[in-house]
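Survey of secondary and tertiary structure
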Number of protein chains: 2
Amino acid sequence: MAETQSAPAETNGADGTNGVNREHDLGFGRKHILINAFDMSTVGHLSPGHWKNPKDKSATKRKLEYWIELARLLERGGVNALFLADTYGGYDTYEGKLDDCIRRAAQWPITDPTIPISAMAAITKNLTFAITASTSFEPPYLLAKRFSTLDHLTDGRVGWNIVTSWKKAAFKAIDLDSPIEHDERYRQADEYLRVLYKLWEGSWSDFALNPDPANDSYINPSLIRTINHKGKYFSLAAPHIVDPSPQRTPFLFQAGTSTAGSVFAATHAEGIFVSGHSASVLRPKVDNIRRLAGEQGRDPRSIKVFATATPILGRTDEEAREKHQELLQYASVIGGLVLFSGWTGIDISKISLDQEITEADYTEAHKVRSVLAAFTTISKEIPKWTPRVVAQHASIGGLGPVPVGSPQTVADELERWVREGDVDGFNIGYVTTPGSFEDVVDLLIPELRRRGVYPELPGEEDEATTVREKVYGKGQRGLRDDHAGSRYKYDVYQEEGPNVLEGEVKAK
Amino acid sequence: MAETQSAPAETNGADGTNGVNREHDLGFGRKHILINAFDMSTVGHLSPGHWKNPKDKSATKRKLEYWIELARLLERGGVNALFLADTYGGYDTYEGKLDDCIRRAAQWPITDPTIPISAMAAITKNLTFAITASTSFEPPYLLAKRFSTLDHLTDGRVGWNIVTSWKKAAFKAIDLDSPIEHDERYRQADEYLRVLYKLWEGSWSDFALNPDPANDSYINPSLIRTINHKGKYFSLAAPHIVDPSPQRTPFLFQAGTSTAGSVFAATHAEGIFVSGHSASVLRPKVDNIRRLAGEQGRDPRSIKVFATATPILGRTDEEAREKHQELLQYASVIGGLVLFSGWTGIDISKISLDQEITEADYTEAHKVRSVLAAFTTISKEIPKWTPRVVAQHASIGGLGPVPVGSPQTVADELERWVREGDVDGFNIGYVTTPGSFEDVVDLLIPELRRRGVYPELPGEEDEATTVREKVYGKGQRGLRDDHAGSRYKYDVYQEEGPNVLEGEVKAK
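Residues numbered from 1 in each chain as written. Chains lettered and ligands numbered in written order. Predicted model: local features only at pLDDT ≥ 70, side-chain atom pairs only at ≥ 80, totals over all residues. Heavy atoms only, no water.

As annotated in an unreviewed UniProt entry, chain A carries the name Xenobiotic compound monooxygenase, DszA family and is attributed to Immersiella caudata. Checking UniProt for chain A, the heading Sequence similarities (unreviewed entry) contains the comment "Belongs to the NtaA/SnaA/DszA monooxygenase family." (UniProt positions renumbered as here; feature names shortened; annotations may be inferred.)

Okay, here's the thing in structure tokens:
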């Protein structure tokens, strides 16, 4: 545990949590920092190569025991959500092939993140789950059924991390000749979401399910609307096959800060997941999304922004630095470059490992430099950027920040990000698992609680809350009224005639 | 428990199980009857209306507790598998609309059967799971990833019940104008399966995953083959994204006794699921599938046939008959007719409830009569068939047999089916759940064990076995050599050149 601690100077327990210390003003009236554990059903997620560390269990994710132990740990710590990334293909930008992605286990192989959820839900009460799924590869009706089932069986503890998918490899695996063009992909995803709202929000009245044994009637069919959607990309004619789950629409996460991505996020996302080495670089993107949301009549503060961060925690700064040095020896240089190349679209294999990266010798150097500039803001001491130096960064924590230090040091850094980046919380990546998450639970969260910026564990007697209630407060199980999906709520649409909802986008 | 019991006249414990009593010769060298519990993530499965029975918990399937308790029960009884049906739309043949399907909860609403599996797997060791999924609605790559994940996380305890889907309502929900024509559907499904074999069997060598920390190498990419499939219905270019799971290909179940369906089953199925009121009516269909399998070089006995049956068990015949009478009062007449109409394609709403069904007053009467003929073989005492009488049958146990009696009576009847129908086991449906399954575990299975025709529970120290090993014996984790999928095994295909497998069906 931390050797020193600062007691809150002033507490205000009116909301049943620790009070807020004035020294820990998080800005914009925020009371708490939201902490998600960021994992992926793969061997090397943001930190490739650490499977070689005897302390790491990332290569045991094919067994249920891994997920059950992780869920127990996160529940014990009061972690907000387990955020599970997913992808449908490997990274093949580096050398233009998959070989090193496969060899270094750089997000390879990958299992389906949906499968272990019920085992984790069965042994937890407060932990929630954010599961990644793409809008590009399956009919909305199937996804609607799956997420409604997840939301039922977890008592409303499910979020969906919406991805539109961009990897060429994934499209080749799915039987589509080439990735859909970027902006088009978001237009398609927008329609996909509207079809889902119609199914989740618009198909069943809250009163449809009304068991009436005397009349042999379990459901009143006149309170179920058939969704007749004929759009540009999708059409269907069916009622939703699952009765309303606790949240109806799962809590919606989304990543994407491109122009089209930001409009989509500002329209649909309740939680936004961003990644960047510097809070100041991130800030304008966050401002832009909040502004766009505001223009659509949404409360800009209702969008909760989560930044990736991979802290390396010790009881003291010295211990953390030693841990960092120990971890570095397991990092995969090539694995880091495979991910870097995949994320940036730059095949960095063309520059030899110890050659300095300059504009002169690399046609795409302007892209490299902008990425490096971001790195540099946190690593000003590095005089010469080479692929090997890039790899040292990219193989621990990906492209996100890696604060190294005591709980106080890391908490200070996270608070700085909250204020400077206007973020609401973090997706905390691991270097070793569950080791990094144990440090979050045993070192970081207690320090945040001491500062009054993290909620206490709910009591045994407290009712479990849905994902949305954890973020917006007790009672807010469904979409907020200012969210685009609320336009599709059953009662809102009733005047448009019986059993028909028209598509948003007219068929060509 | 049973009041009388017959000890086996002769035992032969060489295989570690109870010996086989000569009085209980099951034919074809069979030692055991395979018993699956047959359920569906819906309120009324084969017995609509029983949600009204205070003893029934079928309306609690949206909660994980239902599945966890059911799994514990089936594990305690040594049930072979939990077989989970699924469908993608409601039954709309009756009156040409969904209203009564919805009102009577006749397989409506329906959640995704995949979701609760890991919660059940976490608390069981020997129970296996057969999950229904369609070949018509999602890319094979996604299904391959999901089932490989299921097989990993359950330690090889997963089977797939392959359906090709026929409901118009499902196709309308999925965004396809109309169901694919029947025979075409099976041709498409055949190619779908071959793509899956390539991914599951042909993509990864057993030796590809070979952690070598000294060389920063987790997997040897030269032992992973990219599947390049260009077929009539599907194409993809990708390696399988999941390393080989315990069974690689999940144990393959299939239903379908039409001509095209039988060829498909004889080619791909390891377990076949059949439904019929009479063993003698079933027998020629079973003979035909075994014959077709033999023509393809498969051991006809390696196909395990499961018949639906919904026994109503009491400690005595009298108690069982009383239970049957009690259950009948909860059956939904209209719900039964909704299912009957859906399964047979006959809108029986056109005949009034108490009118006798004759050829004269019903254009599709020849179809009705053939279904009735099957009913009649077990209900000869019924002089006059009306929709109400049909409903009485269809609302308890669907179109399968409903043996009513003591464990001895029901076991006799099941043995008769095994011998006369040449079936290997049963998918046992419920009238109330978990009540009907408790009777199977506490009354029927002990009686079958007394007869030496059901395996004893494995001991604490016994290793868990995969689905395929439970059926074919210890060691047979993968597809048998005589199965079509074995042609796609990694080593078999190696001579065809590096990293390429050609499609079976040439692109048009």
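Topic: the overall build of chain A
Helix and strand content of chain A: 15 helices and 14 strands. Out of the 508 residues belonging to chain A, those deemed buried represent 62%. Within chain A, contacts between residues separated by at least 24 positions form 76% of all contacts whose residues are at least 6 apart in sequence. Summed over its atoms, the accessible surface of chain A is roughly 18100 Å², and 50% of this surface lies on carbon and sulfur atoms. (Helix = DSSP H or I, 4+ residues; strand = E, 2+ residues; numbered from the N terminus. Buried < 20%, exposed > 50% of the residue type's maximum accessible area, 1.4 Å probe, protein only. Contact = heavy atoms within 4.5 Å. Areas by Shrake-Rupley, 256 points an atom, 1.4 Å probe, with all protein chains shown as cover.)

Quick notes on the sheet that holds strand β1 (residues 34–40) of chain B
All names here are of chain B. Sheet architecture is closed into a barrel: 8 strands sit in the order β1-β2-β3-β4-β9-β10-β11-β14, paired in parallel fashion. Across the sheet, the axes of successive neighbouring strands diverge by a mean angle of 30°, strand direction being ignored. Bridge analysis of strand β3 (residues 128–134) against strand β4 (residues 158–163) gives 6 bridges, and the strand direction is parallel. By the bridge assignment for β4, Phe 129 is matched with Val 158. Strand contacts of helix α6 (residues 182–202): β3, β4 and β9 (251–255), with the helix running at about 155° to β4, the strand carrying the most contacts. The strands touched by helix α13 (residues 407–421) are β1, β11 (304–309) and β14 (425–428); relative to β14, the strand with the most contacts, the crossing angle is about 125°. (Pairing = 2+ DSSP bridges. Axes fitted to C-alpha atoms, helices over the stretch in contact; angles between N-to-C directions.)

Quick word on the pattern of salt bridges
In the structure shown here, the tally under the stated rule is 74 salt bridges over all chains. Ionic pairing is found between Asp 216 of chain B and Arg 104 of chain A, a salt bridge with its closest N-O pair at 3.4 Å. With one member in each of two chains, Asp 216 of chain B in the loop between β5 (209–212) and β6 (217–219) and Arg 104 of chain A in the loop between α2 (99–103) and α3 (117–122) form a pair that bridges those chains. Taking the relative accessible area as the measure of exposure, Arg 104 of chain A reaches 13% and is therefore buried. For Arg 419 of chain A, the salt bridge is made with Glu 415 of chain A, and the minimal N-O distance between the two is 3.4 Å. (Salt bridge = Lys/Arg side-chain N within 4 Å of Asp/Glu carboxyl O.)

A few points about the interface of chain B and chain A
The interface of chain B with chain A comprises 74 residues on the first partner and 75 residues on the second. Across the chain B to chain A interface the summed buried area is about 6300 Å²; carbon plus sulfur atoms make up 63%. If you sort the residues of chain B by the area they bury against chain A, Ile 115, Asp 216 and Tyr 218 of chain B come out on top, with a joint share of 12%. For the interface between chain B and chain A, the tally reads 10 salt bridges. The partner of Asp 155 of chain B in a salt bridge is Lys 63 of chain A, with the nearest N and O atoms 2.6 Å apart. Elements with a contribution of two residues or more to the side of chain B that touches chain A: α1 (64–77), α2 (99–103), α3 (117–122), α4 (140–153), α5 (168–174), β5, β6 and β8 (235–238) of chain B. A per-element tally of the side of chain B that touches chain A places α4 of chain B first, with 8 residues. (Buried area = accessible area lost by both parts, 1.4 Å probe.)

Looking at the packing of aromatic side chains
All chains considered together, the criterion is met by 38 aromatic pairs over all chains. A centroid spacing of 6.2 Å and a plane angle of 80° characterise the contact between Trp 160 of chain A and Trp 200 of chain A, whose relative ring orientation is edge-to-face. Remark: Trp 200 of chain A occurs in helix α6 (residues 182–202) and Trp 160 of chain A occurs in strand β4 (residues 158–163); sequence separation between them is 40 residues. Its relative accessible area of 0% is what places Trp 160 of chain A among the buried residues. Ring geometry for Phe 137 of chain B against Phe 171 of chain B: centres 5.0 Å apart, planes inclined by 70°, an arrangement best described as edge-to-face. With a gap of 34 residues between them, Phe 137 of chain B in the loop between β3 and α4 and Phe 171 of chain B in helix α5 connect regions that are remote in the sequence. Per residue, the accessibility class of Phe 137 of chain B equals that of Phe 171 of chain B, and both read buried. Over the ring of Tyr 490 of chain A we find Arg 225 of chain A; its NZ or CZ atom is 4.4 Å from the centre of that ring. Seen from the ring of Tyr 472 of chain A, Arg 480 of chain A lies directly overhead, with NZ or CZ sitting 5.3 Å from the centre. (Phe/Tyr/Trp six-rings, centres within 6.5 Å; stacked < 30°, edge-to-face > 60°. Lys NZ or Arg CZ within 6 Å of the ring centre and 35° of its normal.)

Notes on helix α4 (residues 140–153) of chain A
Relative to the 20 Å expected for 14 residues at 1.5 Å per residue, α4 of chain A spans 20 Å between its end C-alpha atoms, a close match to the ideal helical length. Most of α4 of chain A sits inside the fold, with 14 of its 14 residues counted as buried. (Expected span 1.5 Å × (residues − 1).)

Structural notes on the nonpolar core
Ranked by size, the top nonpolar core spans 276 residues in total, and within it Trp 160 and Phe 426 of chain A together with Trp 160 and Phe 426 of chain B carry the most contacts. With sequence-adjacent residues up to four places away left out, Phe 426 of chain A is seen in contact with Ile 33, Leu 34, Ile 35, Asn 36, Phe 306, Ala 307, Ala 309, Leu 414, Trp 417 and Val 418 of chain A. (Core = buried A, V, L, I, M, F, W, Y, C linked by side-chain atoms within 4.5 Å.)

A look at the confidence of the model for chain A
Residues and elements named next belong to chain A. Averaged over all residues, the pLDDT of chain A is 88; the fraction at 70 or higher stands at 87%. Scored below 50 in pLDDT, residues 1–21 makes 38 contacts in the model with residues more than four places away or belonging to other chains. The model gives residues 495–508 a pLDDT under 50, and that stretch makes 35 contacts with residues more than four places away or in other chains. If you check the scores for this complex, the pTM reads 0.92 and the ipTM reads 0.92. (pLDDT = per-residue confidence, 0-100.)

Describing the relation of the copies chain B and chain A
The operation linking the two copies of the chain is a rotation about an axis combined with a translation along the axis. When chain B is brought onto chain A, the operation consists of a screw motion whose angular component is 180° and whose axial shift is 0.0 Å, with 0.0 Å RMSD remaining. On the angle and the small slide along the axis, the relation comes out as a two-fold axis. In terms of proximity to the rotation axis, the leading residue of chain B is Ala 119 of chain B, whose C-alpha is 1.9 Å off the axis. When the interface residues of chain B are mapped onto chain A, 100% of them are again interface residues, pointing to one common binding face. (Least-squares fit on C-alpha atoms with pLDDT ≥ 70 in both.)

Describing the environment of Pro 407 of chain A
Residues and elements named next belong to chain A. Inspection of the secondary structure puts Pro 407 in helix α13 (residues 407–421). Given a relative accessible area of 0%, Pro 407 falls into the buried group. Separated by 40 residues in the primary sequence, Pro 407 and Glu 447 have C-alpha atoms spaced 6.1 Å apart.

Quick notes on a negative patch on the surface
Residue and element names in this part refer to chain A. A contiguous patch of negative charge on the surface is contributed by Glu 460, Glu 461, Asp 462 and Glu 463. Mapped onto the fold, Glu 460 is located in the loop between α14 (435–450) and α15 (467–472). A relative accessible area of 76% means that Glu 460 is categorised as exposed. (Patch = residues over 30% accessible without salt bridge, like charges linked within 9 Å, V, L, I, M, F, W, Y side chains within 5 Å. Lys, Arg positive; Asp, Glu negative; His and termini not counted. Charge placed at Lys NZ, Arg CZ, Asp CG, Glu CD.)

Things to note about unusual backbone geometry
Where the residue is not glycine, phi is negative for most of them; where a peptide bond is considered, it is trans in most cases. The linkage connecting Thr 433 of chain A with the following residue, Pro 434 of chain A, adopts the cis geometry, with an omega of 5°. Topologically, Pro 434 of chain A is positioned in the loop between β14 (425–428) and α14. Here the amide bond leading from Trp 108 of chain B into Pro 109 of chain B is cis, since omega sits at -10°, within 30 degrees of zero. Structurally, the position occupied by Pro 109 of chain B is in the loop between α2 and α3. Phi at Glu 95 of chain B is positive, roughly 60°, even though this residue is not glycine.

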